[in-house]
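Single-letter residue listing:
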Amino acid sequence: FTIPGTYTVALNATSGGSSGIASHTIEVVELTPPDLVSVFVEAENGAPTGNTAFRTETTPAGETVHYAATSGTNDTLDLTLDVPEDGDYVVWCRVKTTSAGADSFFVSMDNGPEDIYDASAERFPAEYQWTALGSRMNVNNGWELAYAENARIWDLQAGQHTLKFRGRESGTRLDC
């Protein structure tokens, strides 16, 4: 289980009754985060096909964002990832989604099977947001959405890989 940041953990103890006394011995546990490797790719550096378009917008906060948008299911954006070392990778995307009907892409790595990436995490803020690329999971014959807690882990070898986004719902925007 890997999470960035510093956290405080509180443990509560109870004897289970109103007259008992509870005691616990707590060891100090020190955790060392793993060395993280980042590969950063802007959407406008990708190779578009079909009606995939690069557009620019100014956000309410005054930020200029260059994004890729697909309008149909034959529209794609291929991003080249230069992976520096073998390992497990999670892909985080900076996206903007406007509604439940405009919040997903089909996605594949190295021409492998496609997954559905629900980019919004069921949140539709006015600003761009970072969400982990997860894949829908077939649970009890029904598809469940997958967000950061179910992020897709890619076992990648060092070298170039192609991450392909294909249009699923018009209006979903990918910044990086």
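Summarised in this report is the structure supplied together with it. (Residues numbered from 1 in each chain as written. Predicted model: local features only at pLDDT ≥ 70, side-chain atom pairs only at ≥ 80, totals over all residues. Heavy atoms only, no water.)

**As for the sheet that holds strand β6 (residues 92-96)**
Strand pairing in a sheet takes place through backbone hydrogen bonds and is either antiparallel or parallel in direction.
Inference 1: The strand order across the open sheet built from 5 strands is β2-β3-β14-β6-β9, with neighbouring strands paired in antiparallel fashion. In the strand order of this sheet, the two ends are held by β2 (53-58) and β9 (129-132), each with one partner.
Inference 2: Note: β6 against β9, 4 bridges, orientation antiparallel. Pairing of C93 across the sheet is with T131, part of β9. (Pairing = 2+ DSSP bridges. Helix = DSSP H or I, 4+ residues; strand = E, 2+ residues; numbered from the N terminus.)

**Quick look at the pattern of salt bridges**
Inference 1: Counted by the stated rule, this structure contains 8 salt bridges.
Inference 2: Among the ionic pairs, E63 bridges to R94, the shortest N-O distance being 2.8 Å. Taken as a pair, E63 in the loop between β2 and β3 (64-69) and R94 in strand β6 lie far apart in primary sequence, 31 residues in all.
Inference 3: You can call R94 buried: its relative accessible area is 12%.
Inference 4: One salt bridge connects E169 with R168, and the closest N-O pair in it is separated by 3.7 Å.
Inference 5: Take E169: its relative accessible area is 17%, and that puts it in the buried class.
Inference 6: Accessibility expressed as a relative area gives 29% for R168, which makes it partly exposed.
Inference 7: The structure contains a network of salt bridges with shared partners spanning E57, K96 and R173. (Salt bridge = Lys/Arg side-chain N within 4 Å of Asp/Glu carboxyl O. Buried < 20%, exposed > 50% of the residue type's maximum accessible area, 1.4 Å probe, protein only.)

**Description of a negative patch on the surface**
Inference 1: Together, D35, E85, D86, D88 and D155 make up a region of like negative charge exposed at the surface.
Inference 2: Relative to the helices and strands, D155 is located in strand β12 (residues 153-156).
Inference 3: Taking the relative accessible area as the measure of exposure, D155 reaches 58% and is therefore exposed. (Patch = residues over 30% accessible without salt bridge, like charges linked within 9 Å, V, L, I, M, F, W, Y side chains within 5 Å. Areas by Shrake-Rupley, 256 points an atom, 1.4 Å probe, with all protein chains shown as cover. Lys, Arg positive; Asp, Glu negative; His and termini not counted. Charge placed at Lys NZ, Arg CZ, Asp CG, Glu CD.)

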